[in-house]
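# Survey of secondary and tertiary structure
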Amino acid sequence: MIEFINETLRIFSLAFMQRALIVGCLVSLCASLLGVNMVLKRYSMIGDGLSHVGFGALAVATALRLSPLWVSIPVVVVVAFFLLRLSENSKIKGDAAIALISASSLAIGSVILALSTGMNTDVCNYLFGSIVSMTDADVYLSVALSVIVLLLYVLFYNRIFAVTFDETFAKATGVKANLYNMLLAVLTAVTVVLGMRMMGALMISSLIIFPSLSAMRICKRFGSVVIVSAVLSLGSFLVGMIVSSIAATPTGASVVIVNLIAFLVFWAIGKIKGGNAR
Amino acid sequence: MSLIKVTDLSLAYDTGRAVTELNFEVNDGDYLCIVGENGSGKSTLIKGLLGLKKPQGGTIEFSDGLKQTEIGYLPQHSSIQKDFPASVWEVVISGTQNADIGYRPWYTQSQKATAQSWMEVLGIEDMAKKGYGELSGGQQQRVLLARALCATKRLLLLDEPVAGLDPLVTQDMYAILRTLNHEKGLSIVMISHDIQSAVQEASHILHLHNTMLFFGSTAHYVSCSVGRRYLGGEQQ
């Protein structure tokens, strides 16, 4: 036991691990909060689509030797606006459009990477995540953006609830629902880009969807869903991180598996309680 | 005093057709029922009144201190996700968000008091902590009505408030609306398929069929040719 703790402490004293830990915790928090709204508004696929677009943007940034975050964040935000518009107008078309954009971005990104740097471990890192990829500058930017995301979420919590629960009513009472939808999309886009290099483009959306789905198995109030999913997301990330560093498994995948286990446990509890589980 | 005055209003449907030449007004204390067949423009008119749809022509004037965003709206029951994780309290108090001018990050004491008092009026104060999804259809409808009441001091706009409710709960709902209209002095505009109850409950009737077939008092409606035909048709 003591050996285990010592090993954990040793791992977390490494500089790159600390960077990963800070960014990972903040991104997990942001993703879990926004995830509640994305899942309830039936926008889960948008998170997935955005991560693929993020992959394409990262590839372009790498090829042009530009800062990955500064290129991909604006691109993904713009696509988020676009996808949201599509989903509002027609559900089926939006679905198809997301699939189209996902696959196209993935293809463009892969081709650009292959042409510029050759198909090497970079591609693998982008797709499945890597914790060693972050520089100090990335960490500062990630921390600043995460804090903004969290702050905006807390400040506009009531409005976000109203718009998520019943958009028509909110609009009728003069709440600018479209503005808050946009806000959610932008915050999600930023979160996806921040988290995807650690979690991987293929797995970042699970960070958005899993914690809130798990929380909804046992919680009946919106407030408790938000809090439980935040705590759960943070816990899953830390456990996944420790497991991955000790067992030498990929970080992103390990976090997703911990989230999956948590979901199954919550689902079982929900079933046994017979409460809100479906 | 007139709360809403609609003059020569025409509105386009989502499908491109239109409801045209609407002229009516809602006065303080009125109980107006909007009747007509499916696709006659009732829901489009509601959207117009709420400001969710821009008129193609004509005007909707709000007066006597009523603003468009101060209408208490009860949407069709089916428009809300049944499994949405929200407590009764969270749903009801979200209706107060227009009452305050401008944005507040947290609910004020007066917003909480408003939500609490309407929940007491509707007899749902014991359910505050329950999940919205756990309630029966009639209870959910009361919760949404309480939310609508939090959003207004003057006027309720109800879209098929009794659709999908069983007969006893339907009678309860009408009784609640009667109380709100008579004792609390709220004006009511309601879309209804239930023409028999409409003529029993409402003070005024607006009969739509892509244009206005009738607008006037209920007493006048039941004796005029449009009303007699529609009521007769329903009874067969």
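Right above here is the structure, for reference.
Residues numbered from 1 in each chain as written. Chains lettered and ligands numbered in written order. Predicted model: local features only at pLDDT ≥ 70, side-chain atom pairs only at ≥ 80, totals over all residues. Heavy atoms only, no water.

## Some remarks on the overall build of chain A
- In terms of helices and strands, chain A carries 13 helices and zero strands.
- Moving toward the C terminus, one meets the helices and strands of chain A in the order α-α-α-α-α-α-α-α-α-α-α-α-α.
- A compact globule built from 278 residues should have a C-alpha radius of gyration of about 19 Å, and chain A, at 19 Å, falls within 12% of that.
- Among the 278 residues that make up chain A, the fraction classed as buried is 55%.
- Taking all contacts inside chain A whose residues are at least 6 apart in sequence as the whole, residues at least 24 apart take part in 78%.
- Total accessible area on chain A is roughly 11,700 Å²; 73% of this is exposed by carbon and sulfur atoms.
- Between the averaged position of the 18 positive side-chain charges in chain A and that of its 10 negative side-chain charges there is a distance of 12 Å. (Helix = DSSP H or I, 4+ residues; strand = E, 2+ residues; numbered from the N terminus. Rg over C-alpha atoms; globule rule 2.2 N^0.38 Å. Buried < 20%, exposed > 50% of the residue type's maximum accessible area, 1.4 Å probe, protein only. Contact = heavy atoms within 4.5 Å. Areas by Shrake-Rupley, 256 points an atom, 1.4 Å probe, with all protein chains shown as cover. Lys, Arg positive; Asp, Glu negative; His and termini not counted. Charge placed at Lys NZ, Arg CZ, Asp CG, Glu CD.)

## Examining helix H2 (residues 15-40) of chain A
Residue and element names in this part refer to chain A.
- Across its 26 residues, H2 extends 38 Å between first and last C-alpha, which sits within 8% of the 38 Å expected from 1.5 Å per residue.
- Of all the bends in H2, the greatest measures close to 30 degrees and is centred on Leu 34.
- Most of H2 sits inside the fold, with 19 of its 26 residues counted as buried.
- Downstream of H2 by one or two residues, Arg 42 has phi in the positive range, about 65 degrees. (Expected span 1.5 Å × (residues − 1). Bend = angle between axes of the 7 residues up to and from the residue.)

## Looking at the interface of chain A and chain B
- Taken together, the 27 residues of chain A in the interface contact 33 residues of chain B.
- Buried surface at the junction of chain A and chain B, both sides included, amounts to about 2,700 Å², of which 61% is carbon and sulfur.
- Taken as a group, Asn 158, Phe 165 and Phe 169 of chain A account for 27% of the area that chain A buries against chain B, more than any other trio of residues on that side.
- In this structure, the salt-bridge partner of Asp 166 of chain A is Arg 147 of chain B, at a minimum N-O distance of 2.7 Å.
- The tally of links from chain A across to chain B stands at 10 residue pairs in polar contact (both at pLDDT 80 or more).
- Of all the elements in the fold, those that place two or more residues in the side of chain A that touches chain B are helix H7 (136-155), helix H8 (157-165), helix H9 (167-172) and helix H12 (222-247) of chain A.
- Residue contributions to the side of chain A that touches chain B peak at seven residues, all from H8 of chain A.
- Here the residues of the side of chain A that touches chain B are counted per class, giving 14 nonpolar, six polar and seven charged. (Buried area = accessible area lost by both parts, 1.4 Å probe. Salt bridge = Lys/Arg side-chain N within 4 Å of Asp/Glu carboxyl O. Polar contact = N/O pair within 3.5 Å; in protein donor to acceptor, adjacent residues only side chain to side chain. Nonpolar A, V, L, I, M, F, W, Y, C, P; charged D, E, K, R; others polar.)

## A few points about the pattern of salt bridges
- By the definition in use, this model includes nine salt bridges over all chains.
- Close ionic contact of Glu 134 of chain B with Lys 220 of chain A constitutes a salt bridge, the shortest N to O distance being 3.5 Å. Placement of the pair is Glu 134 of chain B in the loop between helix H3 (109-121) and helix H4 (137-150) and Lys 220 of chain A in the loop between helix H11 (204-218) and H12, with the two residues belonging to separate chains.
- Across the pair Glu 201 of chain B and Arg 178 of chain B runs a salt bridge whose closest N-O atoms are separated by 2.9 Å. Taken together, the positions of Glu 201 of chain B in helix H6 (residues 195-201) and Arg 178 of chain B in helix H5 (residues 167-182) put the pair 23 residues apart, joining distant regions of the chain.

## Re the sheet that holds strand S4 (residues 57-62) of chain B
All names here are of chain B.
- Taken in spatial order, the three strands make up an open sheet running S2-S1-S4, and their pairing is antiparallel. Pairing within the sheet leaves two strands with one partner each, and these edge strands are strand S2 (18-27) and S4. Adjacent strand axes in the sheet meet at a mean angle of 10 degrees when their direction is disregarded.
- Two elements, strand S1 (residues 2-12) and S4, share five bridges in a ladder whose sense is antiparallel. Across the sheet, Val 6 pairs through a bridge with Ile 60, a residue of S4.
- With respect to the sheet, helix H1 (residues 42-50) is in contact with S1, S2 and S4, its orientation differing from that of S1 by roughly 125 degrees. (Pairing = 2+ DSSP bridges. Axes fitted to C-alpha atoms, helices over the stretch in contact; angles between N-to-C directions.)

## Observations concerning the side chain of Glu 90 of chain B
- Topologically, Glu 90 of chain B is positioned in helix H2 (residues 88-93).
- Within the buried set, Glu 90 of chain B has no salt-bridge partner at all; the shortest N-O distance to an opposite charge, 4.9 Å, is to Arg 221 of chain A.
- Looking at Glu 90 of chain B, its side chain comes within polar contact range of the main-chain nitrogen of Ser 87 of chain B, at 2.9 Å.
- The residues touching Glu 90 of chain B, leaving out its near neighbours within four places in the chain, are Tyr 157, Phe 161, Arg 221, Phe 222 and Gly 223 of chain A.

## A word on the sheet that holds strand S7 (residues 187-191) of chain B
Residue and element names in this part refer to chain B.
- On the basis of which strands lie adjacent, the open sheet formed by six strands has the order S5-S6-S7-S3-S8-S9 and mixed pairing. Each of the sheet's edge strands pairs with one partner strand only, and the pair in question is strand S5 (71-74) and strand S9 (212-217). Between one strand and the next, the sheet's axes are offset by a mean angle of 15 degrees, whatever the strand orientation.
- Those strands touched by H1 are strand S3 (31-35), S5, strand S6 (155-159), S7 and strand S8 (204-208), and its axis lies near 150 degrees from that of S6.
- Along the sheet, H5 makes contact with S3, S5, S6 and S7, crossing S7 at roughly 150 degrees.

## Re the packing of H3 of chain B against H4 of chain B
Residues and elements named next belong to chain B.
- Following both chains from N to C, one finds H3 and H4 inclined at 135 degrees, their axes separated by 9 Å at the closest point. Here H4 runs oblique to H3, going by the angle between their axes. Between H3 and H4 the crossing geometry is right-handed. Contacts from Thr 114, Ala 115 and Trp 118 of H3 reach H4 at Ala 146, Leu 149 and Cys 150. (Parallel < 35°, antiparallel > 145°, perpendicular 65-115°, else oblique. Left-handed = near helix turned anticlockwise from the far one by under 90°.)

## A short note on the packing of aromatic side chains
- Counted under the stated rule, the structure contains 12 aromatic pairs over all chains.
- Their ring planes at 40 degrees and their centres at 5.8 Å tell us that Tyr 157 of chain A and Phe 222 of chain A sit as a pair that is tilted. A residue pair is termed long-range when its members are at least 10 positions apart, and Tyr 157 of chain A in helix H8 and Phe 222 of chain A in helix H12 qualify at 65 residues.
- On the basis of relative accessibility, which here comes to 0%, the residue Phe 222 of chain A falls in the buried class.
- Positioned above the aromatic ring of Phe 169 of chain A is the side chain of Arg 147 of chain B, whose terminal nitrogen or guanidinium carbon lies 3.7 Å from the ring centre. (Phe/Tyr/Trp six-rings, centres within 6.5 Å; stacked < 30°, edge-to-face > 60°. Lys NZ or Arg CZ within 6 Å of the ring centre and 35° of its normal.)

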